Number of protein chains: 10
Amino acid sequence: MSLATLDVSQHPNLPKSSVTLFEAKAKKKATFEAIAKAIGREEVAVAALFYGQATASPEDIQALSEYFDIDHEILEAQMSGFPDRGKSVEMPPKEPLIYRLYEIVQNYGYAYKAVMNEKFGDGIMSAIAFSTKVEKEVDKDGVTWAKITLRGKWLPFTRF
Amino acid sequence: MSLATLDVSQHPNLPKSSVTLFEAKAKKKATFEAIAKAIGREEVAVAALFYGQATASPEDIQALSEYFDIDHEILEAQMSGFPDRGKSVEMPPKEPLIYRLYEIVQNYGYAYKAVMNEKFGDGIMSAIAFSTKVEKEVDKDGVTWAKITLRGKWLPFTRF
Amino acid sequence: MSLATLDVSQHPNLPKSSVTLFEAKAKKKATFEAIAKAIGREEVAVAALFYGQATASPEDIQALSEYFDIDHEILEAQMSGFPDRGKSVEMPPKEPLIYRLYEIVQNYGYAYKAVMNEKFGDGIMSAIAFSTKVEKEVDKDGVTWAKITLRGKWLPFTRF
Amino acid sequence: MSLATLDVSQHPNLPKSSVTLFEAKAKKKATFEAIAKAIGREEVAVAALFYGQATASPEDIQALSEYFDIDHEILEAQMSGFPDRGKSVEMPPKEPLIYRLYEIVQNYGYAYKAVMNEKFGDGIMSAIAFSTKVEKEVDKDGVTWAKITLRGKWLPFTRF
Amino acid sequence: MSLATLDVSQHPNLPKSSVTLFEAKAKKKATFEAIAKAIGREEVAVAALFYGQATASPEDIQALSEYFDIDHEILEAQMSGFPDRGKSVEMPPKEPLIYRLYEIVQNYGYAYKAVMNEKFGDGIMSAIAFSTKVEKEVDKDGVTWAKITLRGKWLPFTRF
Amino acid sequence: MSLATLDVSQHPNLPKSSVTLFEAKAKKKATFEAIAKAIGREEVAVAALFYGQATASPEDIQALSEYFDIDHEILEAQMSGFPDRGKSVEMPPKEPLIYRLYEIVQNYGYAYKAVMNEKFGDGIMSAIAFSTKVEKEVDKDGVTWAKITLRGKWLPFTRF
Amino acid sequence: MSLATLDVSQHPNLPKSSVTLFEAKAKKKATFEAIAKAIGREEVAVAALFYGQATASPEDIQALSEYFDIDHEILEAQMSGFPDRGKSVEMPPKEPLIYRLYEIVQNYGYAYKAVMNEKFGDGIMSAIAFSTKVEKEVDKDGVTWAKITLRGKWLPFTRF
Amino acid sequence: MSLATLDVSQHPNLPKSSVTLFEAKAKKKATFEAIAKAIGREEVAVAALFYGQATASPEDIQALSEYFDIDHEILEAQMSGFPDRGKSVEMPPKEPLIYRLYEIVQNYGYAYKAVMNEKFGDGIMSAIAFSTKVEKEVDKDGVTWAKITLRGKWLPFTRF
Amino acid sequence: MSLATLDVSQHPNLPKSSVTLFEAKAKKKATFEAIAKAIGREEVAVAALFYGQATASPEDIQALSEYFDIDHEILEAQMSGFPDRGKSVEMPPKEPLIYRLYEIVQNYGYAYKAVMNEKFGDGIMSAIAFSTKVEKEVDKDGVTWAKITLRGKWLPFTRF
Amino acid sequence: MSLATLDVSQHPNLPKSSVTLFEAKAKKKATFEAIAKAIGREEVAVAALFYGQATASPEDIQALSEYFDIDHEILEAQMSGFPDRGKSVEMPPKEPLIYRLYEIVQNYGYAYKAVMNEKFGDGIMSAIAFSTKVEKEVDKDGVTWAKITLRGKWLPFTRF
């Protein structure tokens, strides 16, 4: 079993909580799947929490503190603020895995827009009232596929 | 019913086939959904075809030519080459709908990487051996949600 | 009375409808205020329509066609699609008036975020479910002030 | 009640006063609303002060020093200089909340210019002789709206 | 006597009035000095007018129309709008003469800020309520010096 | 009386002498005007020296050392090298005061070029054989104006 | 014999393992060729490992730990995570050797695409299911040639 | 059989010869492989010629003129100059196939440098005294691999 | 004998005179060396003239008009203005030959500065009061070397 | 006599050897001219060595160690690797002296290419098999000129 870890020298701009959490994760050898189960949230949401891209509720902080045996006060001090999102990825992304997602937007951006406009009218799919998950599929030939689902509220442009 | 159209003065770099196809689409007042049904492909794939982001098979060209009543030879000349992908969207995208997708990559990029690495090992989700679709969901409160599914082959890094 | 006009050689990427509308406006010597009154929309929304940044409803197209005496079919063909937003302004903006708005975001961005997070929780002010207007105020010393109001729906981040 | 906080590792370029003030704020668990009331300034102005984007008058320094019980001499040394504005936000902004404001400028920039030029003549709305505030509105359907008001002196271009 | 001229293929984004005016200027072999004298404005202001960077008053249009014997209606149509400023120079400027001005800002920017803050307090020198001129000086050794004067209203930051 | 100060965390790339000099300035509460008088140089030149943008002569170092009572050897070691100019301002400048100067270049760049070419021939105004100063003017209505003078040697292009 | 070494002050973003490995390499005076032989991998793969651009298997870590006599636990902690690729080279590359490779892509990019499309159809050569090596050739005139081989799986675009 | 073609609206900056050659190629339905065989050059070199990235010798022009039955004088006029290389690909490349090559440089750049420096000393692999080819390999499992070979003269840095 | 030519589709921003001159040069099959001899200027200066990067004196225009048998009036109209320099090369240059010069600046920039500062004091080598030439050298081994000489007036920084 | 020195806070990315060497240089008050004479290399090459842009031979290291009385082992450890070139100058350069060299490439780039292509054929002047020097010339009027010579091997493009 392999674990996602954090090398701070490669991510100097992440919040302090990222360091605290990733160190605890490495020490406990816990996967995001295990943590997600333990605190009752989606895997991607947990990873986003670790990278400072999502808000932790008081219950999340409590659960993480217990699960990792981190002093509650410290974790609360580090995680109670509002996330300063968007600082983890430099655009265009250099990491090949993240670049492929970027490339999908680059190649299919207007195709998505055209199809969604016809399906929903003039508006956008929210990235805020939004959830996402990653699933694994193995087809009948034994080939592994990754499936990402993006689900966002449809927000029509206001007429004014 | 509203239709996605193309204003060439806003997309000077698209291939000639885009102009031909969008004009035919406007004239016939055909939605991507209808075209997709007619030629047996996914809606997003059809829209990608219209923006020059996907390859048309000889059958697609035949079907489009018939569906829109476009001279087969002209369409074949314009669509037989290999797509020069990535030219339709300027990055970072300025279009709000496309920006939201970009923002999802910017915010959740490392979260996806961390979760996928733990789930699949070291590798990437292919954007080539890849398909995608858009669906509409209305929840019990009558709220409309857009759901995008990205499905790509998992490609492990080769050891050498 | 001065009128905002469009010099196409300075805005090569605008949609065809922009040319049609601005020419009609110049010919009729109509202000945005007058047009707004005539078609029952906000002034900024009308100007946004002229720059291809907002959707025209069938009623808008009808009203504009009548007001400016433009052939309805032509205007409908040019305005029925979905706006391809964000192409009119190059960022950072070089135009001094627009730069001042950009500068406000640059200087007060985190201040707005901090205040809004405390007031509303974790989320964003929507730029989609959104309206805006410009007003003129003359204070008691005879000094003229411009007042811009931005009003957007508060969208809390979804917990997942 | 949630509080806006500062994680220095995410904002390495802010002035020393930002660190002093945000630490005191976290310790006292004071909202910007409370601080604004205590020192007699607008909420956004206070947040701007905290991010080093606004000048503190001697009275402000005195009031902040008393309110937070910070040594007056230290605060005076850190806050007496002239703000070095514009360093807190990287453009284009990656933070979703700030990006939405940026997007408003990107989409409606020329619409604002056109409307203001017709209303006021050739000039700009000052971002210096300027004030701003954030308000909360709940409409009859219980939906929350954020309202930002920008008010700047109108500066006509000098003829020379 | 040499004349500043315009080669449209090098400035595709200038307004139509630029073409009209520069052609008339070349035909009449008129210097900016002569035009300035004829229409009663500063030389730099006249050149700015030619590049679409300044507003022409009805009197200016009248005077230019007479001076160059251009049809008044045409000139009025081309020059009555509000200037779309900032499009003539690409930044950083590649033209050596313009680069030197840019370099002065790059090298002495903070020195100007420091001196002006101490002299005037917290604020800016307006670039709107602003005038400028160029003068020629020959010193006692026969060396020629160019002198540019920038004069702008001092705008103090509003306290709010 | 307000003083321009330096917050190192906002200017990590300035030379060591900047830190030494600004600390001494803050301690002695000396304005650039006072320092300029004391060492016999122009105000802007002194500020440029403080930001590492100008060369200090041995006499300057001696005078500054005496005026601020700094150990001569330390100051000499820090200030004897050749300035590494251009590092203090990030372009485009984000600081509003400096941006206004940048905007003047952006808007009037070609106007200056056109006027200077006609006045002086083909060449540039030197930014090296160059001096500059800032002056304060109060007009008859009590309005304060800032006046910046740029004076550079005219350098004609060599014919070869 | 010369050795490739690492100067951390020039590569502040590399992972901790890079420092550990390059220090051990310098101490042992081991070439990549020697290391490659010792651990049974290709030279370029080994160098990529040292720069944090490739995954180390448990066997690699074991072998490196033994070969360099590094504490196994430390190396395991530093090397077990998933590589955060793409951070070592800034694009466009400034290093002349790396720039030449970049230039090959810049000059022959479309030539490769055209030839590969004709040879393989619509798709890409994978950079993931991929291996590469460097060889030395001395021709009959005694001239030295470097030969780089890139070998990647052909991935056809999925039809959907 | 599929053919690489050229859509001029997507490549406005290519030389006139590109248009002439690609049109002739489409008309004759000739692959690069066939053309290469006919004129005695490598496939990639031929494609580079078509994109204006390589020099045509008088013999090449003669051969191409005969092979495609193009007027020799026209082809000579269009192809005799020196190539203006590097204009066909925009960097970073948006085309997925070309991006993968770019990514290889981004990920393995320093690995190549380290290995080559140890193998050859301080220098570079020339991209001028250089040749390249693309080959197809099918492994024992029937999987297709693309193999690109880059072969450049080793140029040691001159000591001076 | 090969000739440098101009393909306008690759240089859309050059002045009209470039087209006139390069066409005449191609027609007459004249090298820059021959033209330089004919009009009495340096080869690089002549090429710079052809690319609109240098001023033509009335004598140059006369000589070019005669040499190429171009109507004098046309050439005078196209060449009498002041050059709008810097538009021919996009930076960083993509053309390999021009990139090598850029790389020399990138690699040796500070070395030049250090050596020149010690040799000449604080100042710059002018690029205006400047001349340059290219020479060919064949060493005793028959190897060809290109030698570029840059000669500029030394301009010391003014003390003010 | 003035000396070029290094302020590390302005050059955080230089190798450790730069710090060692510049400190020794400042202590010994040695000019590059003196060092060049002492170790038998060109002045610019020595300065390039100090900035980590050139390789030191074992003899250079020995000579520098003796000349500056630096521990040989330390210098060897810091200087034996292969230079990581191109990191000292940020492009476009902000330093006025270096910018002038950049401007020469920007203005005369295509003129050099045209002249060199005609003189040497299709190829480049190498920046690797390359040497350069700076000389001082005082003309008969007592004016000082700086002369830079660039001498590189001519590399013809390989035909393949």
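Residues numbered from 1 in each chain as written. Chains lettered and ligands numbered in written order. Predicted model: local features only at pLDDT ≥ 70, side-chain atom pairs only at ≥ 80, totals over all residues. Heavy atoms only, no water.

So, the domain arrangement of chain A
What counts here: Each domain's limits were defined by an automated method or a database of domain assignments.
Taken domain by domain, chain A holds domain 1 (8-79) and domain 2 (96-156). For domain 1 of chain A versus domain 2 of chain A, the separation of C-alpha centres amounts to 26 Å.

Overview of the relation of the copies chain E and chain F
Which entries qualify depends on this criterion: Overlaid copies result from least-squares superposition on C-alpha atoms, with residues included only where pLDDT is at least 70 in both. The contact definition used throughout considers only heavy atoms, calling two residues in contact when any of these lie within 4.5 Å.
Overlaying chain E with chain F gives an RMSD of 0.0 Å, the required rotation being 180° about an axis along which the chain moves by 0.0 Å. What we have between these two chains is a two-fold relation. No C-alpha of chain E lies nearer the rotation axis than that of Thr149 of chain E, which sits 2.3 Å from it. Interface residue correspondence from chain E to chain F reaches 100%, placing this contact among same-surface, isologous pairings.

Focus: the interface of chain C and chain D
Worth spelling out the cut-off: For any pair of parts, buried area is found by adding up, for both, the accessible area (1.4 Å probe) each one loses once the two are put together. When a carboxyl oxygen of Asp or Glu is within 4 Å of a side-chain nitrogen of Lys or Arg, the pair counts as a salt bridge. Whenever a nitrogen or oxygen atom comes within 3.5 Å of another N or O atom, the pair is scored as a polar contact, on the condition that within protein one atom can donate a hydrogen and the other can accept it, and that pairs from neighbouring residues in sequence are kept only if both atoms are in side chains. A run of H or I in DSSP counts as a helix once it spans at least four residues, and a run of E counts as a strand once it spans at least two, with each numbered from the N terminus. A strand pair is defined by DSSP finding two or more bridges across the two strands.
At the interface, 70 residues of chain C touch 70 residues of chain D. Each partner contributes to the roughly 7200 Å² buried at the junction of chain C and chain D, and carbon and sulfur atoms together form 71% of this total. Area buried by chain C at its contact with chain D is led by Leu97, Tyr110 and Glu118 of chain C, which between them contribute 11% of it. Linking chain C to chain D there are 8 salt bridges. With its nearest N and O atoms 2.4 Å apart, the salt bridge here joins Glu118 of chain D to Lys25 of chain C. Counting across the interface, chain C meets chain D through 22 residue pairs in polar contact (both at pLDDT 80 or more). Going through the elements one at a time, α2 (32-39), α3 (43-50), α6 (96-120), β1 (123-138) and β2 (144-156) of chain C are the ones with two or more residues in the side of chain C that touches chain D. Here the element with the most residues in the side of chain C that touches chain D is α6 of chain C; it accounts for 24 residues. Sheet analysis places β2 of chain C next to strand β2 (residues 144-156) of chain D, joined by 9 bridges and oriented antiparallel. Each bridged residue has a counterpart across the sheet, and for Thr149 of chain C the counterpart in β2 of chain D is Thr149 of chain D.

As for the UniProt feature "domain: Cyanate lyase C-terminal" (unreviewed entry) in chain A
Operational definition: UniProt positions are given in the numbering used here, feature names are shortened, and annotations may be inferred rather than shown by experiment.
The UniProt record marks residues 87-160 of chain A with the feature "domain: Cyanate lyase C-terminal" (unreviewed entry), using the residue numbering of this structure. With 34% helix and 39% strand, the stretch residues 87-160 of chain A has end C-alpha atoms that lie 34 Å from each other.

Comments concerning the interface of chain E and chain F
This is how it is decided: Residues are sorted three ways: Asp, Glu, Lys and Arg are charged, Ala, Val, Leu, Ile, Met, Phe, Trp, Tyr, Cys and Pro are nonpolar, and all the rest, Gly among them, are polar.
Facing 70 residues of chain E, the contacting portion of chain F comprises 70 residues. Together chain E and chain F conceal approximately 7200 Å² of surface at their shared face, both sides included; 71% is due to carbon and sulfur atoms. At the surface where chain E touches chain F, the tally comes to 8 salt bridges. Taken together, the connections running from chain E to chain F amount to 22 residue pairs in polar contact (both at pLDDT 80 or more). For the side of chain E that touches chain F, the elements supplying multiple residues, two or more each, are α2 (32-39), α3 (43-50), α6 (96-120), β1 (123-138) and β2 (144-156) of chain E. Split into classes, the residues belonging to the side of chain E that touches chain F amount to 39 nonpolar, 15 polar and 16 charged.

Regarding the pattern of salt bridges
Quick note on the threshold: A 1.4 Å probe rolled over the protein chains alone gives each residue an accessible area, and that area as a share of the maximum for its type sets the label: buried under 20%, exposed over 50%, partly exposed in between.
Overall, the coordinates contain 109 salt bridges over all chains when judged by the stated rule. Here Glu137 of chain E makes a salt bridge to Lys147 of chain E, at a shortest N to O gap of 3.3 Å. In this pair, Glu137 of chain E is assigned in strand β1 and Lys147 of chain E in strand β2, connecting sequence segments 10 residues apart. A residue is classified by how much of its surface remains accessible, and Glu137 of chain E, at 25% relative accessible area, is partly exposed. Residues joined in a network through salt bridges with shared partners are Arg41 and Asp60 of chain A together with Arg159 of chain C.

Notes on the relation of the copies chain C and chain D
The operation relating the two chain copies consists of a rotation about an axis and a shift along that axis. When chain C is fitted to chain D, the best match, at an RMSD of 0.0 Å, comes from turning it 180° and sliding it 0.0 Å along the axis. In this assembly the copies share their binding face: 100% of the residues contributing to the interface of chain C also contribute to that of chain D.

Overview of the arrangement of the chains
In this view chain E stays clear of chain H, with the nearest C-alpha atoms of the two still 15 Å from each other. Nowhere do chain A and chain I come into contact; their C-alpha atoms are at least 19 Å apart.

Quick look at the pairing of strand β2 (residues 144-156) of chain J
Residue and element names in this part refer to chain J. Pairing geometry for strand β1 (residues 123-138) and β2, over 12 bridges, is antiparallel. Bridge assignment links Lys136 to a residue of β2, and that residue is Ala146. Two successive antiparallel strands, β1 and β2, enclose a turn made up of 5 residues, where Gly142 displays a positive phi of approximately 80°.

Some thoughts on the sheet that holds β1 of chain E
For clarity, the threshold we go by: Between the N-to-C directions of two axes lies an angle of 0 to 180 degrees, each axis being a line fitted to C-alpha atoms and, for a helix, fitted only over the stretch in contact.
Strand order in this open sheet of 4 strands is β1(E)-β2(E)-β2(F)-β1(F), and the pairing throughout is antiparallel. A strand with exactly one partner marks an edge of an open sheet, and here the two such strands are β1 of chain E together with β1 (123-138) of chain F. Strand-to-strand twist of the sheet, defined as the mean angle between neighbouring strand axes without regard to direction, takes the value 20°. This element, α6 of chain E, spans β1 and β2 of chain E together with β1 and β2 (144-156) of chain F of the sheet and lies at about 25° to β1 of chain F.

A word on the environment of Lys87 of chain A
Here Lys87 of chain A is to be found in the loop between α5 (72-79) and α6 (96-120). By relative accessible area, which is 24% here, Lys87 of chain A ends up partly exposed. Each C-alpha atom, one on Lys87 of chain A and one on Asn13 of chain A, is 7.0 Å from the other, the two residues being 74 residues apart in sequence. Only 2.5 Å separates the side chain of Lys87 of chain A from the backbone oxygen of Gln10 of chain D, close enough to count as a polar contact.

A closer look at the UniProt feature "active site" (unreviewed entry) in chain A
As recorded in UniProt, the sites labelled "active site" (unreviewed entry) are Arg100, Glu103 and Ser126 of chain A. When you line up the elements, Arg100 of chain A lands in helix α6. Residues contacting Arg100 of chain A, with those up to four places away along its chain left out, are Ile124, Met125 and Ala127 of chain B, Ile128 of chain G together with Arg100 and Glu103 of chain H. Its place among the elements puts Glu103 of chain A in helix α6. In this structure, Glu103 of chain A is in contact with Ala127 and Ile128 of chain B together with Pro96, Tyr99 and Arg100 of chain H, ignoring residues within four places of it in sequence.

Quick notes on the packing of aromatic side chains
For the record, the criterion: Two aromatic rings from Phe, Tyr or Trp, using only the six-membered ring of Trp, form a pair when their centres are within 6.5 Å; if the ring planes differ by under 30 degrees the pair is stacked, by over 60 it is edge-to-face, and anything between is tilted. Note on geometry: a ring has a charge over it if NZ (lysine) or CZ (arginine) is within 6 Å of the ring centre and within 35 degrees of the ring normal.
The final tally for this structure, using the stated rule, is 120 aromatic pairs over all chains. Residues Phe50 of chain A and Phe68 of chain A carry aromatic rings whose centres are separated by 6.2 Å and whose planes lie at 70° to one another, so their mutual orientation is edge-to-face. Taken as a pair, Phe50 of chain A in helix α3 (residues 43-50) and Phe68 of chain A in helix α4 (residues 58-68) lie far apart in primary sequence, 18 residues in all. Since its relative accessible area comes to 0%, Phe50 of chain A is described here as buried. Assessed through its relative accessible area of 10%, Phe68 of chain A is described here as buried. Here Tyr99 of chain A and Tyr99 of chain H contribute two aromatic rings whose centre-to-centre distance is 3.5 Å and whose plane-to-plane angle is 5°, an arrangement assigned as stacked. In this pair, Tyr99 of chain A is assigned in helix α6 and Tyr99 of chain H in helix α6 (residues 96-120), connecting two distinct chains. Exposure remark for Tyr99 of chain A: the relative accessible area of 2% places this residue in the buried category. Positioned above the aromatic ring of Tyr67 of chain F is the side chain of Lys28 of chain F, whose terminal nitrogen or guanidinium carbon lies 4.0 Å from the ring centre.

Examining the packing of helix α2 (residues 32-39) of chain G against helix α4 (residues 58-68) of chain G
Residue and element names in this part refer to chain G. What counts is decided by this rule: Angle categories are assigned with fixed cut-offs, so that under 35 degrees is roughly parallel, over 145 is roughly antiparallel, 65 to 115 is roughly perpendicular, and the rest are oblique. Handedness of a helix crossing follows the sense of rotation of the near helix relative to the far helix, less than a right angle counterclockwise being left-handed and clockwise being right-handed.
Interhelical geometry of α2 versus α4 gives an angle of 125° and a closest axis separation of 10 Å. Comparing the axis directions of α2 and α4 gives the class oblique. Relative to α4, α2 is oriented so that their crossing is right-handed. The segment α2 lies against α4, with Ala34, Ile35, Ala38 and Ile39 engaging Asp60, Ala63, Leu64, Tyr67 and Phe68. Here the contact of α2 with α4 is built from residues that sort into 8 nonpolar, no polar and 1 charged.

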